[in-house]
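Observations on the model geometry
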Amino acid sequence: MAGTSRTAWSGFPAAHHRQIEERRIAQEKQRAEEQKKEMAERAEKFQERAAALERLSYALDGLLIRPCASEAELRAEGRALHHCVGSYAANHASGATAILFIRRASAPDEPFFTLEFDEKRLEVRQNRGLRNCDRTPEVEAFEKAWLKFVRAQNRKRRKKAA
């Protein structure tokens, strides 16, 4: 660095930090835009899933079951019942699993139990209530009747397709 004055380099650290900060801001903006796009895509997938799973809706003896309608609803369910269903958003949206809500007919918007369903095997993977509690006898009987309904409905759909 012979012949280079110290004053020529004195502004370099500040310029370098400014450039790094501008790059960080641009990257954050890009990430935010990507996240916004992903959320919009997932919201659309949630709507499609809710429509496709509506056939699984059912009511009996003061209980009802219906598909999850949105990611916000799924996360609210997890917070209200103090369990991890909110982390299933991507799997539900992609069709890897199906999340349905069991409600009391008298309080259809109040979280009660959350059911994870395997659509291919027509089996319940799990069904949990407040703080991950297991099914009550009432919910277990409802689940059994609902599964019978779903499987009968599936047989009818297969006969029509054949």
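In this text the structure is predicted, and so the values were computed from the model without any measurement. (Residues numbered from 1 in each chain as written. Predicted model: local features only at pLDDT ≥ 70, side-chain atom pairs only at ≥ 80, totals over all residues. Heavy atoms only, no water.)

The next subject is the overall build of the protein chain. Along the protein chain, the regular secondary structure elements total 5 helices and 5 strands. Going from N to C terminus, the protein chain has its helices and strands arranged as α-α-β-β-α-α-β-β-β-α. Radius of gyration (C-alpha) of the protein chain: 25 Å, far over the 15 Å computed for a compact globule of 162 residues. Burial statistics for the protein chain: of 162 residues in total, 31% are counted as buried. Residue pairs at least 24 apart in sequence account for 56% of intrachain contacts in the protein chain once pairs closer than 6 positions are excluded. Accessible surface, the protein chain: about 11,000 Å² in total, of which carbon and sulfur atoms supply 53%. Placing the 32 positive and 24 negative side-chain charges of the protein chain at their respective mean positions leaves the two points 4 Å apart. (Helix = DSSP H or I, 4+ residues; strand = E, 2+ residues; numbered from the N terminus. Rg over C-alpha atoms; globule rule 2.2 N^0.38 Å. Buried < 20%, exposed > 50% of the residue type's maximum accessible area, 1.4 Å probe, protein only. Contact = heavy atoms within 4.5 Å. Areas by Shrake-Rupley, 256 points an atom, 1.4 Å probe, with all protein chains shown as cover. Lys, Arg positive; Asp, Glu negative; His and termini not counted. Charge placed at Lys NZ, Arg CZ, Asp CG, Glu CD.)

Attention now moves to the pairing of strand β2 (residues 63–67). In terms of burial, β2 is a largely internal element, 5 of the 5 residues being buried. Burial along β2 is two-sided: Leu-63, Ile-65 and Pro-67 facing one way and Leu-64 and Arg-66 facing the other are all buried. Strand direction decides the pairing type here: strand β1 (residues 58–60) and β2, joined by 3 bridges, are antiparallel. The partner of Ala-59 across the bridge, within β2, is Leu-64. The turn linking β1 back onto β2 is made up of 2 residues, and Asp-61 within it adopts a positive phi angle of 50 degrees. Alignment of β2 against strand β3 (residues 98–104), held across 5 bridges, turns out to be antiparallel. Across the sheet, Arg-66 pairs through a bridge with Phe-101, a residue of β3. (Pairing = 2+ DSSP bridges.)

This paragraph deals with unusual backbone geometry. The phi dihedral of Leu-122 is positive, around 55 degrees, even though this residue is not glycine. Relative to the assigned elements, Leu-122 resides in the loop between β4 (113–118) and β5 (123–128). Overall, the relative accessible area of 13% leaves Leu-122 in the buried class. At Asn-132, a residue that is not glycine, the phi angle is positive and equals roughly 65 degrees. Tracing the backbone shows Asn-132 in the loop between β5 and α5 (137–161). For Asn-132, a relative accessible area of 40% translates into the label partly exposed.

On to a positive patch on the surface, then. Residues Arg-151, Arg-155, Arg-158 and Lys-159 make up a contiguous surface patch of positive charge. When you line up the elements, Arg-151 lands in helix α5. Of the residues examined, Arg-151 reaches a relative accessible area of 33% and is grouped as partly exposed. (Patch = residues over 30% accessible without salt bridge, like charges linked within 9 Å, V, L, I, M, F, W, Y side chains within 5 Å. Salt bridge = Lys/Arg side-chain N within 4 Å of Asp/Glu carboxyl O.)

Turning next to the nonpolar core. Across soluble globular proteins, you tend to see nonpolar side chains buried next to one another. If you look at the biggest cluster of nonpolar residues, it comprises 18 residues, and the most contacted ones within it are Leu-56, Ile-65, Leu-100, Ile-102, Leu-115, Phe-117 and Trp-146. The set of elements that each furnish at least two residues to this core consists of β2, β3, β4 and α5. Top contributing element to this core by residue count: α5, with 5 residues. Excluding residues within four positions of it along the chain, Leu-100 makes contact with Leu-56, Ile-65, Arg-66, Pro-67, Cys-68, Phe-113, Thr-114, Leu-115, Phe-117 and Trp-146. Among the nonpolar cores identified, the runner-up in size contains 9 residues, and Cys-68, Leu-74, Ala-93 and Phe-101 belong to it. (Core = buried A, V, L, I, M, F, W, Y, C linked by side-chain atoms within 4.5 Å.)

Helix length check: helix α2 (residues 12–53) (42 residues) gives 60 Å between terminal C-alpha atoms against 62 Å at 1.5 Å per residue, within 8%. All of the buried residues in α2 are Phe-46, Arg-49, Ala-50 and Leu-53. In this fold, the buried residues of α2 make contact with β2, α3 (71–81), α4 (89–94) and β3. (Expected span 1.5 Å × (residues − 1).)

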